[in-house]
Amino acid sequence: MFLALNKSRWCKNCSILNRRALAAPVSAGINDGWVSQRRQQLIARSIYSGGSTLHQQQQFDRSRGENFNQYGLTSDAISSVPPKNARVVICGGGIMGAAVAYQLAQRGWGPHTVLIEKGRIGEGNPWHFSGLLGELKPTDSQVRLAQISLDLIKEFDKKGLPTGWKQTGSLNLARTRDRMTFFRRMKSQSAAWNVECELVSPERCKELCPIIETDDLAGGLWIPNDGVGNPNAFCHSLVKESLDKGVTVVEHCSVSKIIQHDGRVKAVETSNGTVECVYFVNCAGFWARQVGQLSEPYVKVPLHAAEHYYLHTKHVYNLPEKLPVVRDLDGHIYFREANDGCLLAGGFETKAKPAYEDGDTPVSIAERKLPADWDHFHPLLEELLRRIPSLKNATLERLSNCPEAFSPDCKWIIGEAPEIQNYLVAAGMKTVGMSAAAGVGRAIADIITQGYSSIDLHELDISRFLGLHNNRKFLRDRVREVPGLHYDMNYPFYEFRTGRNLRMSPIFPALKEAGAVFSQVMGYERPAWFDKKNSLDEKGVPKFRIATTNGFGKPHWFEHVQNEYDVCRERIGLSDYSTFTKIDLWSKGREVVDLLQYLCSNDIDQPVGAIIHTGMHNRHGGYENDCSLARLSENHYMMIAPTVQQARCKAWIDRHLPPGGRVSVSDVTSMYTAICIMGPFTRIMLSELTDTDLSPKSFPFFTCKELDVGLANGIRALNLTHTGELGYVLYIPNEFALHVYTKLMEAGQKYGIKHCGYYAMRTLRVEKFFAFWGQDLDTFTTPLECGRMWRVKFNKGVNFIGRDALLAQRDKGVERMYIQLLINDHDPDIDLWCWGGEPIYRNGVYCGQTTTTAYGFTFKKQICLGFVKNLDFKGKPLPVTNDFVLNGDYEVEIGGIRYPAKANLHSPNLPTKYPDQEREAYKATRDKPDDNNLLAYSKT
C-alpha cells in the first residue's frame, strides 16, 4: 500500500503502479476526500492514458479499430433498404446475429434471410472485448454449444478466414482446497464432454505462466486446447460467408416494430421499410430487452447492464512469448496476452455496478461506454497486482468501461418466445459471445429449419422466465450479484441473495416463524429445511434466512433433513408445494379431452376423479412436460407440473390449441396454496378435519376429490405426494390457506406432525426412484429410457405427438437407460458427496452421468440417479438392455475418486414400521406396460 500520493507521477506514460496509487482507497497522511477529489479531476481531465482529450481519444479509436474492408467485406455487398419479403429477419449485426445468418445460409436459407443492423456490421470497439475461448462450461448443453463454436472458429482459421484464433491454453488457478475440489469435479466431468484437461501443482502453474506469483496457490486446472480470438474478425467472416450464400445484409436500419397476427410473427417494421416474414430472431445483444418491447404483447428478454472493465497495457518488456489465458477465480480476475506483447486483463467483481439504472440506455455502440471508475475497479486491480507482481512496472494503455448485459440467472437466453410463435431470441451471452455464437446460432437455425434443436436447451430456454424476471428494478438489483457468479465458487444448490421475498405463499410467515430456511425457484420462496435454532433476530422477530451449502462434502443441514425425512416416513410431515405449476383446462364439449389426448402419451380419458400421470412429448418422443392431470369433471382438468414449467408448458399447450377458442387454458398457480401432508397417519388425521370418507375404497390412491377441511371448502385434494410416500396434496384457495394450515398443525400434534422442506422431499423421491423434469428428464429423454413405458398407451386410438418415434424406439431398442446407483465403500462424514453430473463407469469404461443425487437415510448410502449407455470402442452407442445394466460392475467418480456402486432398475422396497400395500407396491419405473394394477383407473 502506498504511503503517499505523488501527484507528479501522473504523466503521459503513467504506469499501473501510478494508477494503483490513484485508486488506493487510503493514503497515510493525506485526507481521503482530497484523494478522491483529485482522482476525479485527473480522470475528468484524461479519461484514457497519455493525457489525451475525449475527442482525441475518439479519433484514436477510429484509427486503431479494424476497418470494414480489412476482413474482405465491401460496402457494395451491403444494402440500406430491406426487401419487402423474407422468411427470416434477424435483428442485430453483431456476432450472434451473424452466426444465426451463417447457420441458416449453411442450410440453404441464405436467399430467404435478412440481417438488419442499426449501425454497421460488427462495429464493436476492439478495446471492449476479451476474446477468451474455452469449452469447459458448467453444464452439458453449454459445453456442446461452446465446442461447436470452437470447431467453426478453427475451421474458418484453416480456410484463411480472419478469426484471430490463437491456441494458448488456459490456466485456472486455485487458492483454496475447495477450489481444487471444484477443479477435481470438473476434471471428472470432462470425461463426459471429451475435454482435455489436467490438474496441475503450483510449480507447474509457474512453468506454464512464469509471470505469476504462486506462493498462495493450492494448484490449478490446465486446459491446453483453449485459446483466444477476435470477435470483430470472426463476425465479419461470418457475414462474408453469409453474403456469399445469399443472405441480405442491411445496415443503418432500425427495427421499430414486430407485427404478429394470431400469435405468430407476420412482419417487421423498420426505419427503411416493412418486411413481411415468417420468423423473427432477436439477436440485439445489449439491446435485446428493448427490442422485446417492440411487439404486442411484449416479449420478455430479461437483461440488465452492469459496468464491465478491460484493462489494456502498452508493450510489456520480457513478456513470455506463449502466455496462456490465466483465470484466478478466487481473485475474480483474468488476463491474457494481446496485441503482440501487451496485456489485457479484467474480472468479474463480487458486487457489480449496474449501468443505466434509470433505463435510459445508449442508442448505439459508439455511445455504449462510460468513464472508468477507478474506485470500483480498485479491488480487481489489487488482485491483478498480487497475481502479476511485474504488472506494477507496466505502462497503462487504458481502462475501458464497456457495460455488458446479464440475465437474472447468469445463463444465456435462447429459444422461441412463449408470447409469440416464430419469435426467437439469442441473447444474454454475458461477455463470451464469441465462445457461444456458432453453437447458439446452430441451435436457432435448427429450430427454424427443422422445428427443434439437436441439443437440449431447456436450462437456457427463454421460457424459464416469468414477467417478474423482466421487472427493471428486479433486474437492477439482481445484476449487482450476477456477474460475480462467473468466478464464484460453484457450490451445490446456489441461492441468489437478491430479488428475494418476492413470491410467497399465504403461509410463508407461519413457515418462517417455524424456522424455515428458504430456497427460491421461479421467484417463489420455499423452505429447504427447518431449523428453529437462531431463527429469531435480536428483537425476537423471525428472520428470513437463505439456504446455503458451502462445501462439497457432508452439508451442515444434514441432521435437519434427516429428522424431516424420518417424520415423513414414520409420522406426518407437512410441506409447502405451492410453487408447483397449476393449469386449469376446460371446454364446453369434449374439445379439451381431444386436445389432451393429442398432447399426452397416457390415456387421459379416465373417469371423473382420476389422476393421470403422463408425459407431453415432442415429435422425437422426448419430454416437453411431465405432469399429473386431475379430472375434475367431464370436460375440466387440473394439470400439476414442475415449478420451472410455468411458462413453458402453457406455451406448449397454447401452440397446439384448436382454433376458435374452443378450449380455455388458465394459469392458476397463484390462486392456490398447495400443502402436502405425508406419512402413515395422514389419512387418520385428515379424516378428523373433513366429513368426506377417506377410506381406500372411497378415496383410493391416484384419485382426487373436492373436500371441506376445517371451516374451509373448495379444496382440491389429490391422493398422492410426488415422493412415493402415502399422503395428500391439498390445493387450497388462497383465502383459506392459513386457516387450513392451522387446523392441520393443530390436529397433527398428537401424531407428531413436523414441518418438512424441499431437501427432504428430494431425498424421498430419489430413494423411491422418482424422476423429475428439468433434473432427470429433458426434451431428449423418452419414457422407454426411464422405465415409464407403462404410462404410454399406444392403443388409445389417438396419434399423439411423439407416438411414431416411441414405436420406432420400442422396436429398435433404447441407447441409454435410467438407473439408480447405491454408492458403496463411501464414508459420508469424510468423503466428498455426489451432487450431480458425476461420471459413471461400467467395467472400468465411461458409460454415463448422474443426474439427481441424495443421501438415502434408509439405505444409509449415497444414492445417484442417472443414465448409462452402451458405447463401443469408437464411442458409438449400442442398444442398452436390462441384462446389460444388471451384469456390469459400476463405479461413480466423485472428485477424482471412483467408488463402487450397485445398479438398480427399480427402487427396492424400503423397510418401515408402518407397511402399506399401496406404498410398497407402487413403482415409479416398470418393465411391463400392463403393470398398472395399483392405479385406481386403467385401460388396457
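That block above? That's the structure.
Attention here is on the structure that accompanies the text.

Cut-offs and rules
Residues numbered from 1 in each chain as written. Predicted model: local features only at pLDDT ≥ 70, side-chain atom pairs only at ≥ 80, totals over all residues. Heavy atoms only, no water. Helix = DSSP H or I, 4+ residues; strand = E, 2+ residues; numbered from the N terminus. Buried < 20%, exposed > 50% of the residue type's maximum accessible area, 1.4 Å probe, protein only. Contact = heavy atoms within 4.5 Å. Axes fitted to C-alpha atoms, helices over the stretch in contact; angles between N-to-C directions. Parallel < 35°, antiparallel > 145°, perpendicular 65-115°, else oblique. Nonpolar A, V, L, I, M, F, W, Y, C, P; charged D, E, K, R; others polar. Pairing = 2+ DSSP bridges. Core = buried A, V, L, I, M, F, W, Y, C linked by side-chain atoms within 4.5 Å. Left-handed = near helix turned anticlockwise from the far one by under 90°. Salt bridge = Lys/Arg side-chain N within 4 Å of Asp/Glu carboxyl O. Expected span 1.5 Å × (residues − 1). Bend = angle between axes of the 7 residues up to and from the residue. Polar contact = N/O pair within 3.5 Å; in protein donor to acceptor, adjacent residues only side chain to side chain.

Side note on the overall build of the protein chain
Now for step 1: When its secondary structure is counted, the protein chain shows 22 helices and 43 strands.
Now for step 2: Split into buried and exposed, the 940 residues of the protein chain put 62% on the buried side.
Now for step 3: Nonlocal contacts in the protein chain, meaning residues at least 24 apart in sequence, comprise 72% of its contacts between residues at least 6 apart.

Considerations on the packing of helix H5 (residues 140-159) against helix H8 (residues 231-244)
Relative orientation and spacing of two packed helices are given, respectively, by the angle between their axes and the distance between those axes.
Now for step 1: Put simply, H5 and H8 touch, their axes get as near as 11 Å, and they point 75° apart. By the criterion of interaxial angle, the relationship of H5 to H8 is roughly perpendicular. Contact residues: H5 offers Leu-152, Ile-153 and Phe-156, while H8 offers Phe-234, Ser-237, Leu-238 and Glu-241.
Now for step 2: When grouped by side-chain class, the residues that make up the contact of H5 with H8 number five nonpolar, one polar and one charged.

Things to note about the sheet that holds strand E33 (residues 704-709)
Now for step 1: Taken in spatial order, the six strands of this open sheet run E33-E34-E35-E32-E26-E36, and their pairing is mixed. In this open sheet, the two strands that pair with only one neighbour each are E33 and strand E36 (754-755).
Now for step 2: Taken together, the three bridges between strand E34 (residues 712-718) and strand E35 (residues 727-733) define a ladder with antiparallel strand orientation. Residue pairing in the sheet places Leu-718 in a bridge with Val-729 of E35.

Digging into the nonpolar core
Now for step 1: Within the largest apolar cluster, 79 residues are counted, with the highest numbers of intra-cluster contacts made by Phe-183, Trp-529, Tyr-577, Tyr-731, Tyr-759 and Met-761.
Now for step 2: Broken down by element, this core gets its largest block of residues, six residues, from helix H19 (residues 758-767).
Now for step 3: With near-sequence residues (within four places) excluded, Tyr-731 lies in contact with Phe-580, Lys-582, Met-638, Ile-640, Tyr-672, Thr-673, Ala-674, Gly-714, Ile-715, Arg-716, Leu-718 and His-722.
Now for step 4: Membership of the second largest hydrophobic core comes to 53 residues, among which are Trp-109, Ala-436, Ile-448 and Leu-457.

Let's talk about the packing of helix H4 (residues 95-106) against helix H11 (residues 433-450)
Now for step 1: For the pair H4 and H11, interaxial distance at closest approach is 8 Å and the crossing angle is 45°. As the angle between them shows, H4 and H11 are arranged oblique. When you trace H4 past H11, the crossing you get is right-handed. Together, Ile-95, Met-96, Ala-99, Val-100, Gln-103 and Leu-104 of H4 and Gly-433, Met-434, Ala-436, Ala-437, Ala-438, Val-440, Gly-441, Arg-442, Ile-444, Ala-445, Ile-448 and Thr-449 of H11 make up the contact between the two elements.
Now for step 2: Among the residues forming the contact of H4 with H11, the class breakdown is 13 nonpolar, four polar and one charged.

Considering the pattern of salt bridges
Pairs can form between side chains of opposite charge whenever their charged atoms are close.
Now for step 1: Counted according to the given criterion, the structure contains 42 salt bridges.
Now for step 2: As a salt-bridge pair, Asp-216 and Arg-386 come within 3.0 Å of each other at their nearest N and O atoms. Separated by 170 residues along the polypeptide, Asp-216 in the loop between helix H7 (202-208) and strand E7 (219-223) and Arg-386 in helix H10 (residues 374-387) bring together distant segments of the chain.
Now for step 3: Salt-bridge contacts for Glu-525 lead to Arg-500; the nearest nitrogen and oxygen are separated by 2.7 Å. Here the residue Glu-525 occupies a position in strand E24 (residues 524-530), and Arg-500 occupies one in the loop between helix H12 (472-478) and helix H13 (508-513), the gap between them amounting to 25 residues.
Now for step 4: You can call Arg-500 buried: its relative accessible area is 12%.
Now for step 5: Connected via shared salt-bridge partners are Arg-175, Asp-216, Asp-328, Glu-383, Arg-386 and Arg-387.

Observations regarding H5
Now for step 1: In a regular helix each residue adds 1.5 Å, so 20 residues correspond to 28 Å; H5 covers 29 Å between its end C-alpha atoms and thus fits that length.
Now for step 2: Taken together, the buried positions of H5 are Ser-141, Gln-142, Val-143, Leu-145, Ala-146, Gln-147, Ile-148, Ser-149, Leu-150, Leu-152, Ile-153 and Phe-156.
Now for step 3: Once H5 ends, the next one or two residues include Gly-160, with phi positive near 90°.

Things to note about the sheet that holds strand E22 (residues 423-427)
Now for step 1: Across the sheet, six strands lie side by side as E9-E2-E1-E13-E22-E21; this open sheet has mixed pairing. Only two strands of the sheet have a single neighbouring strand rather than two, namely strand E9 (248-250) and strand E21 (413-416). Averaged over all pairs of adjacent strands, the angle between strand axes in this sheet comes to 15°, irrespective of strand direction.
Now for step 2: Two strands pair when backbone bridges link them, and strand E13 (residues 279-282) and E22 are joined in this way by three bridges, in the parallel orientation. Bridge assignment links Phe-280 to a residue of E22, and that residue is Tyr-423.
Now for step 3: Most of the contacts of H11 go to E22, to which it runs at about 175°, and overall it touches strand E1 (88-91), E13, E21 and E22.

Here we look at H10
Now for step 1: Counted at 1.5 Å a residue, the expected span for H10 with its 14 residues is 20 Å, and the 19 Å between its end C-alpha atoms agrees.
Now for step 2: Of all the bends in H10, the greatest, near 35°, is centred on Leu-380.
Now for step 3: Burial runs high along H10: 10 of the 14 residues are buried.
Now for step 4: Taken together, the buried positions of H10 are Trp-374, His-376, Phe-377, His-378, Leu-380, Leu-381, Glu-383, Leu-384, Leu-385 and Arg-387.
Now for step 5: N-cap assignment for H10: the residue whose side-chain oxygen lies 3.1 Å from the backbone N of Asp-375 is Asp-373.

Structural notes on unusual backbone geometry
Now for step 1: For the peptide bond that leads from Glu-296 to Pro-297, omega is 5°, which places it in the cis range.
Now for step 2: Phi angles above zero are rare outside glycine, and Asn-194 is one such case at about 55°.
Now for step 3: Among the structural elements, Asn-194 can be located in the loop between helix H6 (177-193) and strand E6 (198-200).
Now for step 4: In this structure Asn-194 comes out as exposed when scored by relative accessible area, which is 70%.
Now for step 5: In this model, Phe-493 sits at a positive phi of 55°, which is unusual for a non-glycine residue.
Now for step 6: Phe-493 gets classed as partly exposed once you look at its relative accessible area, which sits at 26%.

By themselves these figures say nothing about function.
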